[in-house]
Amino acid sequence: MLIDQLLIKQRMKVADLAEQGRQQQKLLLAESWLLGQRAKSFIGSAPGLMLSFSVGCLFQLRHNSAVKLLRSIVGFRWITKWL
């Protein structure tokens, strides 16, 4: 009798925890979808387009010798600063 009551309580706890897990999963999916929508909205806005264009321009310059030299100098200074 006592074991049956304990088993019933445990089953109720498991059912409650399973329901909480389902609710949290739904909330996580909703927040993930909302974040994706906000990201798409930002990329389509003027600041997002400017940022995307700037990053594209910088990416095109990654093989430029002056950019490589600057990166190596800054990297060398950063390494010597911490040593």
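All figures in this text were calculated on a predicted structure; none of them were measured in a lab. (Residues numbered from 1 in each chain as written. Predicted model: local features only at pLDDT ≥ 70, side-chain atom pairs only at ≥ 80, totals over all residues. Heavy atoms only, no water.)

(A) Quick look at the overall build of the chain. A count of helical and extended segments in the chain gives three helices and zero strands. When the helices and strands of the chain are placed in sequence order, the string is α-α-α. Considered along the principal axes of its C-alpha atoms, the chain spans approximately 80 × 40 × 15 Å. The buried share among the 83 residues of the chain stands at 1%. Of the roughly 8,000 Å² of accessible surface on the chain, 70% is carried by carbon and sulfur atoms. Each charge sign in the chain was given a centre, from 12 positive and 4 negative side chains, and these centres are 25 Å apart. (Helix = DSSP H or I, 4+ residues; strand = E, 2+ residues; numbered from the N terminus. Buried < 20%, exposed > 50% of the residue type's maximum accessible area, 1.4 Å probe, protein only. Areas by Shrake-Rupley, 256 points an atom, 1.4 Å probe, with all protein chains shown as cover. Lys, Arg positive; Asp, Glu negative; His and termini not counted. Charge placed at Lys NZ, Arg CZ, Asp CG, Glu CD.)

(B) Structural context of the pattern of salt bridges. Considering all chains together, one arrives at one salt bridge under this definition. Between E19 and R22 there is a salt bridge whose closest N-O contact spans 3.0 Å. Highlighted residues: E19 and R22, both in helix 1 (residues 2-44), separated by three residues, approximately one helical turn. (Salt bridge = Lys/Arg side-chain N within 4 Å of Asp/Glu carboxyl O.)

(C) Summary view of the packing of aromatic side chains. According to the stated counting rule, one finds zero aromatic pairs in the structure shown. Positioned over the ring face of F59 is R62, at 3.8 Å from the centre of the ring. (Phe/Tyr/Trp six-rings, centres within 6.5 Å; stacked < 30°, edge-to-face > 60°. Lys NZ or Arg CZ within 6 Å of the ring centre and 35° of its normal.)

(D) Layout of the confidence of the model for the chain. Taken as a whole, the chain shows an average pLDDT of 87; of its residues, 90% reach a score of 70 or greater. Mean pLDDT in the chain bottoms out at helix 3 (residues 65-82), which sits at 75, and peaks at helix 1, which reaches 94. (pLDDT = per-residue confidence, 0-100.)

(E) Fine view of a nonpolar patch on the surface. A cluster of nonpolar side chains, namely F42, I43, L51 and V55, defines an oily patch on the protein surface of about 370 Å² accessible area. Of all the secondary structure elements, the ones that give two or more residues to the nonpolar patch are helix 1 and helix 2 (46-60). Along the chain, V55 falls in helix 2. (Patch = residues over 30% accessible without salt bridge, like charges linked within 9 Å, V, L, I, M, F, W, Y side chains within 5 Å.)

(F) Representation of the packing of helix 1 against helix 2. It is at 4 Å that the axes of helix 1 and helix 2 come closest, and there the two elements cross at 75°. By the angle class used here, helix 1 and helix 2 are roughly perpendicular. Between helix 1 and helix 2, the residues in contact are F42, I43 and G44 and A46, P47, G48, L49 and L51, respectively. (Axes fitted to C-alpha atoms, helices over the stretch in contact; angles between N-to-C directions. Parallel < 35°, antiparallel > 145°, perpendicular 65-115°, else oblique. Contact = heavy atoms within 4.5 Å.)

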